[in-house]
Amino acid sequence: MRNMIDVQKKLLPDLLQVMQKRYQILRYIRLMEPIGRRSLSLSLGISERILRSEVLFLKEQNLIDIGSSGMTLTDEGGSLLKDLEEMMKDVLGLTLLENTLKDRLNLKQVIIVSGDSDQSPWVKQELGRACVSCIKERLTGNNIVAVTGGTTLAAVADMMTPDSRNREILFVPARGGLGENVQNQANTICAKMAEKAMVNYRLLHVPDQLSKDAYTSIIEEPSIKELLRTIKSSSMVVHGIGDAITMAERRNTPKEDVVKIEGAEAVAEAFGYYFNQSGKVVHKVHTVGVQLEDLADIPHVISVAGGASKAKAIKAYLKQTLDSVLITDEGAAKELLRE
């Protein structure tokens, strides 16, 4: 496949450019369907005049339908897009980027989607779709899937679909989450994933940040204790990686702790732990749920984060040398290799 693509780049460079453009159009329609031509034009940065001819071609090939509510993929279009994905990874150089980053960061697997979610918000939906596929590939007979909060995990929840093999799945929040916007809380995301996957879930109704005394008291409550046993026996954890200062501000962290985090030059946050560029934990919040040391006993740990601005945070967190899977975008991946 690689040799064939190299030959095409030499002899028919225009062909690959056209294929790439049509692939991007189909991919965006799949994410946002039904979508109107003007919205599609603005989102992809393609003039309406050029897009009109491309849409007409795709319609004639029975790859899309055009209705009063907008454009949607046909079954044939969805099938073709699925077949195109691995090939386009080679065309766009993403396969090489994945392998390079996997070796550089010593990870189990790296999955990269094209684009930069800092520049194009819809790329976050692609991260979500890639994460859903990754989750399903790792499901076994009985599964407990713990999920954290955040905007990226909210995108994963948006893209969740039922498992075609009807395996047993229980979604649980990886941590308490009453400290930020309700849409981004672990409980909300956990419930949404479960509802879209048509499976069961349990919720953890505790604040995200606690004082030491409150933490000690809450984890001794029988109902919380039993739920924590379930959470810590998860077969999979899916989590985001945040920028340290952004996460501290979003969670209304006390000013003295923000000063400590800034003074320690923290760049990353995950599971309530703040890391500096060397990957050292410089601050920890008392949170009920999965702790960093618990990850060693969980078979599948999936980290999802994208955008070039997240590169330092991703790199710092992954210095924990966890044998995990990283799902990221092209913007973050290229910046990681430059770091």
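Please read all numbers here as calculations on a predicted model, not as lab measurements.

So, the overall build of the chain
Helix and strand counts for the chain stand at 15 helices and 13 strands. In terms of overall size, the chain behaves like a compact globule, its C-alpha atoms giving a radius of gyration of 21 Å where 339 residues would be expected to give roughly 20 Å. Over its C-alpha atoms, taken along the principal directions, the chain stretches across nearly 65 × 40 × 35 Å. When the 339 residues of the chain are sorted by exposure, 52% land in the buried category. A fraction of 69% describes how many contacts in the chain between residues 6 or more apart in sequence connect residues 24 or more apart. Of the roughly 16100 Å² of accessible surface on the chain, a fraction of 50% belongs to carbon and sulfur atoms. Averaging the locations of the 43 positively and 44 negatively charged side chains of the chain gives two centres separated by 2 Å.

Some details on the domain arrangement of the chain
We note that the domain assignment places domain 1 (1-83) and domain 2 (93-337) within the chain. The interface is formed by 6 residues belonging to domain 1 together with 6 residues belonging to domain 2. With both sides pooled, the region where domain 1 packs onto domain 2 buries about 700 Å², and carbon together with sulfur makes up 55% of that total. When residues of domain 1 are sorted by the area they lose upon contact with domain 2, Arg 27, Arg 30 and Leu 31 head the list and together hold 68% of the total. Taken together, the links from domain 1 to domain 2 amount to 2 salt bridges. Of the charged contacts in the structure, one is a salt bridge between Glu 126 and Arg 30, with a shortest N-O distance of 3.8 Å. Where domain 1 touches domain 2, the interface holds 2 residue pairs in polar contact (both at pLDDT 80 or more). Looking at the side of domain 1 that touches domain 2, the elements that each hand over two or more residues are α2 (13-32) and α3 (37-44).

Regarding the sheet that holds strand β6 (residues 200-201)
Across the sheet, 7 strands lie side by side as β3-β13-β12-β7-β4-β5-β6; this open sheet has parallel pairing. Of all the strands in the sheet, just β3 (109-113) and β6 have a single pairing partner and so form its edges. Looking at chain direction, strand β4 (residues 142-147) and strand β5 (residues 168-173) are connected through 6 bridges and run parallel. Looking across to β5, one finds that Asn 143 is bridged to Ile 169. Along the sheet, helix α6 (residues 94-105) makes contact with β3 and β13 (325-329), crossing β3 at roughly 140°. Contacts from helix α7 (residues 123-137) reach β3, β7 (236-240), β12 (300-304) and β13, with the element oriented near 155° to β13.

Thoughts on the pairing of strand β1 (residues 64-67)
On any regular strand, side chains alternate: one points to one face of the sheet, the next to the other face. Bridging between β1 and strand β2 (residues 70-73) involves 4 bridges; their strand directions are antiparallel. Paired with Asp 65 across the two strands is Thr 72, which belongs to β2. Remark: 2 residues form the turn of the hairpin made by β1 and β2, two consecutive strands paired antiparallel.

Here we look at the sheet that holds strand β11 (residues 281-284)
Pairing is antiparallel in the open sheet, where 4 strands are placed in the order β8-β9-β10-β11. Each edge of the open sheet is held by one strand with a lone partner, namely β8 (242-243) and β11. Where strand β10 (residues 273-276) and β11 come together, 3 bridges link them in antiparallel fashion. Paired with Tyr 274 across the bridge in β11 is His 283. Its contacts with the sheet place helix α13 (residues 255-263) against β9 (266-270), β10 and β11, and it is angled at close to 170° to β11. Where helix α14 (residues 311-318) meets the sheet, it contacts β8, β9 and β10, and its direction lies at approximately 70° from that of β9.

Basis of the calculations
- Residues numbered from 1 in each chain as written.
- Predicted model: local features only at pLDDT ≥ 70, side-chain atom pairs only at ≥ 80, totals over all residues.
- Heavy atoms only, no water.
- Helix = DSSP H or I, 4+ residues; strand = E, 2+ residues; numbered from the N terminus.
- Rg over C-alpha atoms; globule rule 2.2 N^0.38 Å.
- Buried < 20%, exposed > 50% of the residue type's maximum accessible area, 1.4 Å probe, protein only.
- Contact = heavy atoms within 4.5 Å.
- Areas by Shrake-Rupley, 256 points an atom, 1.4 Å probe, with all protein chains shown as cover.
- Lys, Arg positive; Asp, Glu negative; His and termini not counted.
- Charge placed at Lys NZ, Arg CZ, Asp CG, Glu CD.
- Domains from an automatic or database assignment.
- Buried area = accessible area lost by both parts, 1.4 Å probe.
- Salt bridge = Lys/Arg side-chain N within 4 Å of Asp/Glu carboxyl O.
- Polar contact = N/O pair within 3.5 Å; in protein donor to acceptor, adjacent residues only side chain to side chain.
- Pairing = 2+ DSSP bridges.
- Axes fitted to C-alpha atoms, helices over the stretch in contact; angles between N-to-C directions.

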